[in-house]
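# Inside the fold
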Amino acid sequence: MKHLLSMTDLSHEDLVELLDMAADLKEKRLRGKVTDLLKNKSIGMIFEKSSTRTRVSFEVAMSDLGGHALYLNTRDMQLGRGETVADTAHVLSRYLYCLVARVYSHDTVRELAENSSIPVVNALSDLEHPCQILADLLTIREYKNRLKGLKYAWIGDGNNVCNSAILGCAMSDMEIAVACPPGYEPNGKIVEQARKLGGRVTVTNDPLEAATDADVLYTDVWVSMGDEQEREKRLADLSPYQINSGLVDAAKQDVIVMHCLPAHRGEEISADVMDGPHSVVFDQAENRLHAQKALLLKLMC
Ligand code: CP
Ligand code: NVA
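Below, the structure is looked at part by part. Owing to the predicted nature of the structure, the values given are computational and were not obtained by experimental measurement. All residue numbers here refer to positions counted from 1 along the written sequence of the relevant chain. Written order determines the labels here, with chains lettered from A and ligands numbered from 1. Given that the model is predicted, a residue must reach a pLDDT of at least 70 before its local features are reported, and side-chain atom pairs must reach 80 or more before they are shown or counted; all residues, however, enter totals for whole chains, interfaces and linings. Only hydrogens and water are set aside; all other atoms, that is, all heavy atoms of the structure, feed into the side-chain values.

## Side note on the overall build of the protein chain
We count it as follows: Here a helix means four or more residues in a row that DSSP labels H or I, a strand means two or more in a row labelled E, and each is numbered from the N terminus. Taken over C-alpha atoms, the radius of gyration is set against a globule rule of 2.2 Å times the number of residues to the power 0.38. A 1.4 Å probe rolled over the protein chains alone gives each residue an accessible area, and that area as a share of the maximum for its type sets the label: buried under 20%, exposed over 50%, partly exposed in between. Contact between two residues is taken to exist if any of their heavy atoms lie within 4.5 Å; hydrogens are not considered. For accessible areas, the Shrake-Rupley method is used with a probe of radius 1.4 Å. Any residue's cover is judged against the shown protein chains and nothing else.
In terms of helices and strands, the protein chain carries twelve helices and nine strands. What you see for the protein chain is a C-alpha radius of gyration of 19 Å, in line with the 19 Å of a compact globule of 301 residues. Projected onto the principal axes, the alpha-carbon positions of the protein chain cover approximately 55 × 45 × 35 Å. Buried positions account for 57% of the 301 residues belonging to the protein chain. In the protein chain, the share of contacts with a sequence separation of at least 24, taken over all contacts with a separation of at least 6, comes to 75%. Carbon and sulfur atoms make up 49% of the accessible area of the protein chain, which amounts to about 12800 Å² in all.

Below, the structure written as structure tokens:
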């Protein structure tokens, strides 16, 4: 694995190795054991969009591993004034050991990767959010002690996180049922790719059907970064797709409720479910740190 732009950049073996490494790093951190395997190494983190979890977890991951992370907001870079993506990639490759990038268009991370001699990590694009899914799979494995054979229900917008989840489920032998309104389906090519990997993917307009007997109920915001101009239409179209107690009751008794965050209580998830006993959202957010540490070590060591 040279870059992580899509979940498909990982083999099944890579994925299992990353999850095992992440679990080990988590346990070591709890015991206060430090490792400085990335000492004297710096990474750059290019952000075209806002972030709380991704930015902080990557920065802390690098610091914990003895290295350094530079936050590069495109508004402050020459990239924001017309310097090309390719030139930026060539230059940054001379200073850094890895580039993490959160971008509007997936083509931008592709272009960065094509022009970098260092690994490039997609920290969210309009197409995928693979770093999120690494943490999510780690969280599911912690709660369920396995991935294979579980049913994962995605309720809401078939967005970037959903696309990566579809691939992550296929690679982990989990069934995934996506419930979304017409016009909000996940990326067709990704669904096809997942099915080629042996994934069991269903897409329905019925949230109850997707949630029935689910081991995992998952949702994300109805208005992703970049979709703000469609806000009112999205809220109206997606309103029947809220994770609430009705869907929790349809799922397995020990269902876990997940959300990549930030959450909008009263929109994609009801407050009682978000803050209720099935919710694992903060463990999930913590796992961003452990999963990304594993990723950085795998890419840079
Ligand atoms: N889940 C996630 O990527 O959060 P941030 O946008 O805060 O990084
Ligand atoms: N789908 C959301 C995820 C935020 C972490 C977005 O792209 O804004």
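Let's pick the thread back up.
## Regarding the site of ligand 2
What counts is decided by this rule: By convention in this text, a residue qualifies as near a molecule or strand provided that one of its non-hydrogen atoms is within 4 Å of it. Polar contacts here mean pairs of N or O atoms no more than 3.5 Å apart (in protein, one a potential hydrogen donor and the other a potential acceptor; neighbouring residues in sequence count only if both atoms are side-chain atoms). All amino acids are sorted into three groups, where Ala, Val, Leu, Ile, Met, Phe, Trp, Tyr, Cys and Pro are nonpolar, Asp, Glu, Lys and Arg are charged, and the leftover types, Gly among them, are polar.
Every residue near ligand 2 is listed here: Leu 124, Asn 159, Asn 160, Asp 220, Val 221, Ser 224, Met 225 and Leu 261. Interatomic distance of 2.6 Å between a side-chain N/O atom of Asp 220 and a nitrogen atom of ligand 2. The contact in question runs from an oxygen atom of ligand 2 to an N or O atom on the backbone of Met 225, over 2.8 Å. Across the complex, the protein chains shield 95% of the 270 Å² of accessible surface that ligand 2 would expose by itself. By residue class, the composition of the shell around ligand 2 is four nonpolar, three polar and one charged.

## Points about the nonpolar core
To be explicit about the condition: Throughout, nonpolar core names a set of buried Ala, Val, Leu, Ile, Met, Phe, Trp, Tyr and Cys residues whose side chains join them through atoms within 4.5 Å.
Ile 43, Ile 140, Tyr 152, Ile 166 and Leu 296 are the most contacted members of the largest nonpolar core, which totals 67 residues. Each residue touching Ile 43, except ones within four places of it in the same chain, is listed here: Phe 58, Met 62, His 68, Ala 69, Leu 70, Leu 96, Cys 98, Val 100, Leu 296 and Met 300. With 22 residues, the next largest nonpolar core counts Val 248, Val 255, Ile 269 and Ala 285 among its residues.

## Observations concerning the site of ligand 1
Lining the immediate surroundings of ligand 1 are Ser 51, Thr 52, Arg 53, Thr 54, Arg 102, His 129, Gln 132, Cys 260, Leu 261 and Arg 288. Contacts to ligand 1 include Thr 54, whose side-chain N or O atom sits 2.6 Å from an oxygen atom. At 2.8 Å, a side-chain N or O of Arg 102 approaches an oxygen atom of ligand 1. Within the complex, 95% of the 250 Å² of free accessible area of ligand 1 lies under protein.

## Digging into the side chain of Arg 102
The line we're drawing: Positive charge is attributed to Lys and Arg, negative charge to Asp and Glu, and no charge count is given to His or to the chain ends. Take a side-chain nitrogen of Lys or Arg and a carboxyl oxygen of Asp or Glu: if they are within 4 Å of each other, that pair is a salt bridge.
Relative to the elements of secondary structure, Arg 102 occurs in strand 3 (residues 98–102). No salt bridge is formed by the buried Arg 102, whose closest oppositely charged neighbour, Glu 48, lies at an N-O distance of 9.4 Å. Reaching out from Arg 102, the side chain makes a polar contact with the side chain of Thr 54 at a distance of 2.9 Å. A polar contact is formed between the side chain of Arg 102 and the backbone oxygen of Ala 123, at a distance of 2.9 Å. Apart from residues lying up to four places away in sequence, Arg 102 is in contact with Ile 46, Phe 47, Glu 48, Lys 49, Ser 50, Ser 51, Thr 54, Ala 123, Leu 124, His 129 and Met 225.

## Side note on the packing of helix 2 (residues 53–64) against helix 12 (residues 281–300)
Basically, it comes down to this: Only the contacting stretch of a helix is used when fitting its axis, a line to C-alpha atoms as for every element, and angles between N-to-C directions run 0 to 180 degrees. Should an angle fall under 35 degrees it is taken as roughly parallel, and over 145 as roughly antiparallel, whereas 65 to 115 is taken as roughly perpendicular and any remaining angle as oblique. Two helices crossing with the near one rotated counterclockwise from the far one by less than a right angle form a left-handed crossing, whereas a clockwise rotation gives a right-handed crossing.
Viewed as axis vectors pointing N to C, helix 2 and helix 12 meet at an angle of 55°, and their least axial separation amounts to 9 Å. Between helix 2 and helix 12, the crossing angle belongs to the class labelled oblique. Taken as a pair, helix 2 and helix 12 cross one another with a handedness that is right-handed. Between helix 2, through Arg 53, Thr 54, Ser 57, Phe 58, Val 60, Ala 61, Met 62 and Asp 64, and helix 12, the contact on the second element is made entirely by Ala 285, Arg 288, Leu 289, Gln 292, Lys 293, Leu 296 and Met 300. A per-class count over the contact of helix 2 with helix 12 returns eight nonpolar, three polar and four charged.

## So, the sheet that holds strand 3
One key point about sheets: their strands pair by backbone hydrogen bonds, in either a parallel or an antiparallel sense. The condition is simple: The criterion for strand pairing is that DSSP finds at least two bridges linking the strands in question.
Read from one edge of the open sheet, four strands run 2-1-3-4, paired in parallel fashion. Two strands bound the open sheet, and with one partner strand each, they are strand 2 (68–73) and strand 4 (120–122). Each strand of the sheet is rotated relative to its neighbour by a mean of 20°, with strand direction disregarded. Where strand 3 lies against strand 4, three bridges are found, and the strand directions are parallel. Directly across from Leu 99, in strand 4, lies its bridge partner Val 120. The strands touched by helix 2 are strand 1 (42–47), strand 2, strand 3 and strand 4; relative to strand 1, the strand with the most contacts, the crossing angle is about 175°. Contacts from helix 4 (residues 106–114) reach strand 1, strand 3 and strand 4 within the one sheet, and its direction differs from that of strand 4 by about 170°.

## Quick word on the environment of Lys 2
Structurally, Lys 2 is set in the segment before helix 1 (12–30). According to the relative accessible area criterion, Lys 2 is partly exposed, its value standing at 43%. Distance in space between the C-alpha atoms of Lys 2 and Val 191 is 24 Å, their sequence separation being 189 residues.

## What to know about the pattern of salt bridges
Under the counting rule described, the total for this entry stands at 20 salt bridges. For Asp 215, the salt bridge identified is with Lys 252, shortest N-O distance 3.1 Å. Here the residue Asp 215 occupies a position in the loop between helix 8 (207–211) and strand 8 (216–219), and Lys 252 occupies one in the loop between helix 10 (245–250) and strand 9 (256–259), the gap between them amounting to 37 residues. We classify Asp 215 as buried; its relative accessible area is 5%. Residue Lys 252 is classed as partly exposed on the basis of its relative accessible area, which comes to 32%. The partner of Glu 230 in a salt bridge is Arg 234, with the nearest N and O atoms 2.8 Å apart.

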